[in-house]
Amino acid sequence: MRIDVVSIFPEYLAALELSLIGKARQDGLLSLTVHNLRDFTVDRHRTVDDTPYGGGAGMVMKPEPWAQALEDVRGDSRPVLIVPSPAGERFTQAMAHELAEEEHLVFACGRYEGIDERVLDWAADSFDVRPVSLGDYVLNGGEVAVLAMVEAVARLLPGVVGNPESLIEESHADGLLEYPVYTKPSSWRELEVPEVLLSGNHARIARYRRDEQLRRTVLRRPDLLGKLDVEALNAADLAV
Ligand SMILES: Nc1ncccc1[N+](=O)[O-]
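It should be emphasised that the depicted structure is a prediction, and the values quoted were computed from it without experimental measurement.

Rules and cut-offs
Residues numbered from 1 in each chain as written. Predicted model: local features only at pLDDT ≥ 70, side-chain atom pairs only at ≥ 80, totals over all residues. Heavy atoms only, no water. pLDDT = per-residue confidence, 0-100. Near = heavy atom within 4 Å. Polar contact = N/O pair within 3.5 Å; in protein donor to acceptor, adjacent residues only side chain to side chain. Helix = DSSP H or I, 4+ residues; strand = E, 2+ residues; numbered from the N terminus. Nonpolar A, V, L, I, M, F, W, Y, C, P; charged D, E, K, R; others polar. Buried < 20%, exposed > 50% of the residue type's maximum accessible area, 1.4 Å probe, protein only. Pairing = 2+ DSSP bridges.

S.K.: What's the story with the confidence of the model for the chain in this structure? I'm lost.
M.R.: Any region with low pLDDT has predicted coordinates that should not be read closely. With 95% of its residues at a pLDDT of 70 or more, the chain shows a mean pLDDT of 93. Two numbers describe this predicted complex: its pTM, 0.91, and its ipTM, 0.97.

So this is what it looks like as structure tokens:
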């Protein structure tokens, strides 16, 4: 997979050189390039923003530097152009899996009040344009969201995480929150590990874990229950 990120704060994305993502890049599982939007300006002050038509506070990112940058990174494919925005569709684990199947992702990090809307209209000819939101809150720009989305997507790529098994039983993989986990010592500050986990009875352990997933989801994220695929859960021969 090829990933390009365009930002006026490329150093913000330095964290993607670390740990698993950094190793995936070294191992050639992932190519990730960060581009400075200001390198695509033509004026002496490398201007990327201006005042909004219609008035209002703040500044809007000018369209031309974005068009130059996106044309430069597009290559000859039709990449997915992800524009982090509080006005985007919600980013979910399902979307992470969907994006992990793509050949080429381009992330456009907006700052200020956002990017001139005509950039997204213009880009639609040669990109699959996807405004995407991490959540219902406002960040100062798209970089933090890109760090989260790149990590969520890249870790799904074959060979990136050591044990692919660990990708199966995690929150949202089956529509439920993950169960609690414990390790040694079995007794710690007078707190005991649930005895079922010490029983060696795999059927009981599986049932305990599914029950915990359901309990947590009902308590913490009842909104997820509506989308629960009961058939799929039952098909896992762990009737809900
Ligand atoms: N929530 C956000 N705020 C600003 C930029 C991007 C955002 N997001 O969620 O992708």
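This is not the end of the story, as more comes after the structure.
S.K.: Honestly, the site of the ligand in this entry has me stumped. Any pointers?
M.R.: Inspection of the region around the ligand gives Pro84, Ser85, Pro86, Val132, Ser133, Leu134, Gly135, Tyr137, Val138, Leu139, Gly141 and Ala145 as its neighbouring residues. One nitrogen or oxygen atom from the main chain of Val132 is found 3.4 Å from an oxygen atom belonging to the ligand. Leu134 places a main-chain nitrogen or oxygen 2.7 Å from an oxygen atom of the ligand. Mapped by element, the contributors of at least two residues to the shell around the ligand are strand E5 (80–90) and strand E7 (128–133). Looking at the shell around the ligand residue by residue, the classes come out as eight nonpolar, four polar and no charged.

S.K.: Is there a simple way to think about the pairing of strand E6 (residues 104–108) in this case?
M.R.: Each regular strand shows side chains that alternate between the opposite faces of the sheet. With five of five residues buried, E6 is to be regarded as a mostly interior element. On E6, burial covers both faces: His104, Val106 and Ala108 on one face and Leu105 and Phe107 on the other are all buried. Across five bridges, the pairing between strand E1 (residues 2–7) and E6 is parallel. Its bridge partner lying in E6, Asp4 is registered against Val106. Relative to E6, E5 runs parallel, the two being bridged by three bridges. Paired with Val80 across the bridge in E6 is Leu105.

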